[in-house]
Amino acid sequence: PTLIIDKNRNIIYCNNAAKKEFDLPNIDSSKYRCGDYFSCINKGRDKKGCGYSDKCSECEFNNSLLKAIASEGEHEELRGESTFRVKTTKELFGVRYILGSTRVDGDKIIMASIENITQQKEEKDDLSALIKDRKEAYRQQVLFGSAINSIAESIKVSDNHEAILETANQVLGEALQL
């Protein structure tokens, strides 16, 4: 999907891939801003719309767009990722973007290539959670194994097996509750 954005952060063109990706009607795109395309939950927090609310300064896409508009050079490229909370569903929507700035008839325009990475981010988050769980399970296994080895060594060197077993039960009970 591709958008062309003017210096006032208005969408002046979007291709059919963008309209399909963001489920937009086939109408004049110049009435929209980026938050409209992404259905950003924050777009209505300020009456001026997308880019003006108190939350917009936290938006990586908006910050990159402002930087591209303010840049003095031509043909500069900015890359990044941003996440939006969708207004209608409250779900997160992730995008990877490339912004390129240039001038046409003296006016700065920004070309934005946008990729929906929501599913990739969800899969990455799921994988990260699984890895974290596996690391914790391994840590507990190591602790438990270490406790068992310590108990076995204590039994070998001590004559008071009952006291050692009582202490061992207490230590193992605590280890299993971690």
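Novice: Just to check I follow, could you spell out helix α3 (residues 60-70) for this structure?
Specialist: Residues spaced three or four apart along an α-helix face the same direction, because each turn holds 3.6 residues. Inspection of α3 places Phe 61, Asn 62, Ser 64, Leu 65, Ala 68 and Ile 69 among the buried residues, and these make up the whole buried set. In an axial view of α3, the angular spread of the buried residues amounts to 165°, which keeps them on one side of the axis. Residues of α3 that are exposed and angled more than 90 degrees away from the buried face: Lys 67 and Ala 70. Tucked into the core, α3 has its buried residues touching β1 (2-6), α2 (34-37), β3 (76-85), β4 (92-104) and β5 (107-116).

Novice: Which parts of the structure should I look at to understand a negative patch on the surface?
Specialist: Residues Glu 91, Glu 122, Glu 123, Asp 125 and Asp 126 make up a contiguous surface patch of negative charge. As for its placement among the helices and strands, Asp 126 is situated in helix α4 (residues 118-157).

Novice: Honestly, the layout of surface pockets in this entry has me stumped. Any pointers?
Specialist: One simple way to see leftover space: roll a probe sized like a water molecule over the atoms. Reported here for the largest pocket is a volume of approximately 320 Å³. Along the wall of the largest pocket there are 23 residues; nearest its centre are Asn 42, Glu 58, Cys 59, Thr 83 and Phe 84. When the residues that make up the lining of the largest pocket are grouped by side-chain class, the tally is 11 nonpolar, 6 polar and 6 charged.

Novice: How should I be thinking about the nonpolar core in this particular structure?
Specialist: The nonpolar side chains of a soluble globular protein tend to be buried, and buried together. Ranked by internal contacts, the top residues of the largest apolar core, which has 26 residues, are Leu 3, Ile 5, Phe 38, Phe 61 and Ile 114. Listed by contribution, the elements that provide at least two residues to this core are β1, β2 (11-14), α2, α3, β3, β4 and β5. Excluding residues within four positions of it along the chain, Phe 38 makes contact with Phe 22, Phe 61, Phe 84, Val 86, Phe 93, Val 95 and Ile 114.

Novice: How should the packing of aromatic side chains be read in this particular structure?
Specialist: Working definition: an aromatic ring pair is given by the centre-to-centre distance plus the angle between the planes. Overall, the coordinates contain 1 aromatic pair when judged by the stated rule. The interplanar angle of 85° and the centroid separation of 5.0 Å between the aromatic rings of Phe 61 and Tyr 97 together place this pair among those described as edge-to-face. Taken together, the residues span a long stretch of sequence, with Phe 61 in helix α3 and Tyr 97 in strand β4 at a distance of 36 residues. When its relative accessible area of 1% is taken as the criterion, Phe 61 is described as buried. Positioned over the ring face of Tyr 52 is Arg 9, at 4.7 Å from the centre of the ring.

Novice: What should I look at first to understand the sheet that holds β4 in this one?
Specialist: Taken together, the 5 strands give an open sheet; going across it, the order is β2-β1-β5-β4-β3, and neighbouring strands pair in antiparallel fashion. Each end of this open sheet is capped by a strand with a single partner; those strands are β2 and β3. Here the strands of the sheet are splayed against their neighbours by 25° on average, with no regard to which way each runs. Of the strand pairs in this sheet, β4 and β5 are connected by 10 bridges, and their pairing is antiparallel. Within the sheet, the bridge partner assigned to Arg 103 lies in β5 and is Lys 108. Each of β3, β4 and β5 touches α4; the most contacted strand, β4, lies at about 135° to it.

Novice: Just checking my understanding: could you explain unusual backbone geometry for this structure?
Specialist: For Arg 9, which is not a glycine, the phi torsion comes out positive at approximately 70°. Residue class for Arg 9 comes out buried when judged on its relative accessible area of 9%. Despite not being glycine, Asp 105 shows a phi value in the positive range, around 50°. Following the sequence through the fold, Asp 105 ends up in the loop between β4 and β5.

Novice: Can you help me understand the side chain of Ser 71 in this one?
Specialist: Within the secondary structure, Ser 71 is located in the loop between α3 and β3. When residues no more than four places from it in sequence are discounted, the contact partners of Ser 71 are Glu 76, Ser 101, Arg 103 and Lys 108.

Novice: Honestly, the environment of Leu 172 in this entry has me stumped. Any pointers?
Specialist: Checked against the element boundaries, Leu 172 lands in helix α5 (residues 161-177). Taking C-alpha positions, Leu 172 is 9.7 Å from Ile 151, a pair spaced 21 residues apart along the chain.

Reading guide: rules and limits
- Residues numbered from 1 in each chain as written.
- Predicted model: local features only at pLDDT ≥ 70, side-chain atom pairs only at ≥ 80, totals over all residues.
- Heavy atoms only, no water.
- Buried < 20%, exposed > 50% of the residue type's maximum accessible area, 1.4 Å probe, protein only.
- Helix = DSSP H or I, 4+ residues; strand = E, 2+ residues; numbered from the N terminus.
- Arc of directions from axis to C-beta.
- Contact = heavy atoms within 4.5 Å.
- Patch = residues over 30% accessible without salt bridge, like charges linked within 9 Å, V, L, I, M, F, W, Y side chains within 5 Å.
- Areas by Shrake-Rupley, 256 points an atom, 1.4 Å probe, with all protein chains shown as cover.
- Salt bridge = Lys/Arg side-chain N within 4 Å of Asp/Glu carboxyl O.
- Lys, Arg positive; Asp, Glu negative; His and termini not counted.
- Charge placed at Lys NZ, Arg CZ, Asp CG, Glu CD.
- 1 Å grid on protein atoms, 1.4 Å probe; cavity = no way out; pocket = protein on both sides within 12 Å on 5 of 7 lines; lining within 4 Å.
- Points joined across faces, edges and corners; volume = space filled by probe spheres on them.
- Nonpolar A, V, L, I, M, F, W, Y, C, P; charged D, E, K, R; others polar.
- Core = buried A, V, L, I, M, F, W, Y, C linked by side-chain atoms within 4.5 Å.
- Phe/Tyr/Trp six-rings, centres within 6.5 Å; stacked < 30°, edge-to-face > 60°.
- Lys NZ or Arg CZ within 6 Å of the ring centre and 35° of its normal.
- Pairing = 2+ DSSP bridges.
- Axes fitted to C-alpha atoms, helices over the stretch in contact; angles between N-to-C directions.

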